[in-house]
Amino acid sequence: MQKLKNTLCGGLMALFVFSCTNSLEPNAPYKEMGVIYGLIDPTLDTQWVRIGRGYLGQSSAYLSARNADSIYYANLTAYLYLLDGRDTLSRCRLLEDKTSKTLSDGIFNADDFRVYRTDGLWKALPGKTCVVEVLPAANIPHLRAETRIIHAEDELPGGSPGLIDITDPVGDNPLIVGGLPYFKSMIAWERSSAFTFQPYIRQHYKEIDTVTLEEKHKSFPLSLPLVKKHSKVVRLAELKKALLDHIAINHRVVRFLEEMEVGVTAIDGTLDTYMKFIEKNQENDFGIRAYTNVENGVGIFASRTKASLYPVFLNSEDKALLLSSNEICALNFARPKADGDTVLCTPGVNGVGVEQLFSLK
């Protein structure tokens, strides 16, 4: 029975956080509680909040399963408030939205996602407090949660506009050539009210079929870790590894390395705590007893923001080193020569020219 209970609760985690107890009392009462998931992002015109229901209590999963288990409330009324201290600056009633895609697999694949959203006019202002409130009604508990909205890229107090700089770790100056940013080893961003940062890079490239001349534009990500500081050094070896991990040898195509998208997602301390708690529970198999900041319910209501630069180009020195290596040569990446021509290298023989390359590019 205990194993069954843990299995059922683990499956429900795909949609909501449920708290499972160790009690197997046959007649223990259950308690219905609300579930809220929301990440307020000041860079977006529309905010989205997931509001649903779950059963928390002392009975076993076997007995709880006898209760009606719709994960949605009917006729729910919810608001987002923007506060400055104790003063209410604005209020927006959340609109029910059933237009999301149907789940493709899992237990709930017959149901559409249901979320609640703002009207597109309500603004989440950085530095202010945002409150979500669900008004109590029949079978609907009163729910409330709040978060401080972290700063977006153009709202940093006392800072220059823009959150991202592409910098050389030897110095502190962004590498700007001809008005275009060039990437060399470091992503740096200004200080904000965020707590943890997730930098990211997506490298774009072009692929041309030498027989059909069909052209495709593709990309691959670099997996970068969460950091607490306001910069991240990215070695050329990391870009090379990502390229080799995501691109297969194909002797029929010629490839050209193109621009990057470089950015960072910043999250507040509430979301950081929630993520760590979930990770710790999974590592230690504590079951599902999640951190929550929802009053009279479970879930998480927090803030995040993001900023990015596009296009960003790999600097010429690193590009030459990368494309001249034997492993990358095997992938048929073209590279420019000093005289402006474009050549293709074969494994072990760099710089072997292909007449069609320049016209293909």
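Please refer to the structure placed before this passage.
Reading the values: the criteria
Residues numbered from 1 in each chain as written. Predicted model: local features only at pLDDT ≥ 70, side-chain atom pairs only at ≥ 80, totals over all residues. Heavy atoms only, no water. Helix = DSSP H or I, 4+ residues; strand = E, 2+ residues; numbered from the N terminus. Buried < 20%, exposed > 50% of the residue type's maximum accessible area, 1.4 Å probe, protein only. Areas by Shrake-Rupley, 256 points an atom, 1.4 Å probe, with all protein chains shown as cover. Phe/Tyr/Trp six-rings, centres within 6.5 Å; stacked < 30°, edge-to-face > 60°. Disulfide = S-S within 2.5 Å. Contact = heavy atoms within 4.5 Å. Pairing = 2+ DSSP bridges. Axes fitted to C-alpha atoms, helices over the stretch in contact; angles between N-to-C directions. Parallel < 35°, antiparallel > 145°, perpendicular 65-115°, else oblique. Left-handed = near helix turned anticlockwise from the far one by under 90°. Core = buried A, V, L, I, M, F, W, Y, C linked by side-chain atoms within 4.5 Å.

Caption draft 1: A look at the overall build of the protein chain. If you tally the helices and strands in the protein chain, you get seven helices and 19 strands. Expressed as a percentage of its 361 residues, the buried residues of the protein chain come to 45%. Looking at the protein chain as shown, the accessible area adds up to about 19000 Å², and 52% of this sits on carbon and sulfur atoms.

Caption draft 2: Quick peek at the packing of aromatic side chains. Inspection of the entire model under this criterion finds six aromatic pairs. Summarising the aromatic geometry, the rings of Tyr37 and Tyr274 are spaced 6.5 Å apart at their centres and angled 70 degrees between planes, so their arrangement reads as edge-to-face. Here Tyr37 is found in strand E1 (residues 30-40), whereas its partner Tyr274 is found in helix H4 (residues 269-284), with 237 residues between them in sequence. Relative accessible area serves as the criterion here: at 18%, Tyr37 is assigned to the buried category. Owing to a relative accessible area of 11%, Tyr274 belongs among the buried residues under this scheme.

Caption draft 3: Local environment of the state of the cysteines. Counting across every chain of the model gives zero disulfides. The closest cysteine sulfur to the non-disulfide-bonded Cys92 is located on Cys130, 9.7 Å from its own sulfur. Judged by relative accessible area, which is 4%, Cys92 ranks as buried.

Caption draft 4: Highlighting the side chain of Asp209. In this structure, Asp209 sits in strand E13 (residues 196-209). With a relative accessible area of 14%, Asp209 lands in the buried category. Residues within four places of Asp209 in sequence aside, it is in contact with Glu214, Arg252 and Val253.

Caption draft 5: Representation of the pairing of strand E12 (residues 186-189) within the structure. The alternating pattern of E12 places Met186 and Ala188 and Ile187 and Trp189 on opposite faces, both of which are buried. With four bridges connecting them, strand E9 (residues 164-167) and E12 associate as antiparallel partners. Looking at the pairing, Asp165 lines up with Ala188 of E12. Where E12 meets strand E15 (residues 231-233), three bridges bridge the pair, whose relative direction is antiparallel. Of the residues in E15, the one forming a bridge with Met186 is Val233.

Caption draft 6: Focus on the sheet that holds E9. Reading across the sheet, the three strands line up as E9-E12-E15 and stay open at both edges, with antiparallel pairing between neighbours. Each end of this open sheet is capped by a strand with a single partner; those strands are E9 and E15. Ignoring strand direction, the axes of neighbouring strands in this sheet form an average angle of 15 degrees.

Caption draft 7: Here's a closer look at unusual backbone geometry. The omega torsion of the bond from Tyr310 to Pro311 falls at 0 degrees, within 30 degrees of zero and hence cis. Inspection of the secondary structure assignment puts Pro311 in strand E17 (residues 297-314). In the Ramachandran plot, Asn139 falls in the positive-phi region, its phi being about 65 degrees despite a non-glycine side chain. As for its placement among the helices and strands, Asn139 is situated in the loop between strand E7 (129-134) and strand E8 (143-148). A relative accessible area of 64% means that Asn139 is categorised as exposed. Backbone geometry places Asn296, a non-glycine residue, at a positive phi of 65 degrees. Relative to the elements of secondary structure, Asn296 occurs in the loop between H4 and E17.

Caption draft 8: Examining the packing of helix H3 (residues 236-246) against helix H5 (residues 316-324) more closely. Interhelical geometry of H3 versus H5 gives an angle of 45 degrees and a closest axis separation of 11 Å. With respect to H5, the element H3 is oriented oblique. Pair H3 / H5 crosses with right-handed handedness. Packed against H3, whose contacting residues are Leu236, Leu239, Lys240 and Leu243, the element H5 presents Asp318, Leu321 and Leu322 at the interface.

Caption draft 9: Region of the structure containing the nonpolar core. Ranked by internal contacts, the top residues of the largest apolar core, which has 32 residues, are Phe183, Ile187, Ile201, Leu243 and Phe333. Secondary structure elements with two or more residues in this core: E9, E12, E13, strand E14 (215-222), H3, strand E16 (253-267), E17 and H5. Looking at this core, the element that brings in the most residues is E16, giving five residues. Ignoring any residue separated from it by four or fewer positions in sequence, one finds Ile187 in contact with Ile164, Asp165, Pro199, Tyr200, Ile201, Leu224, Ser231, Lys232, Val234 and Val262.

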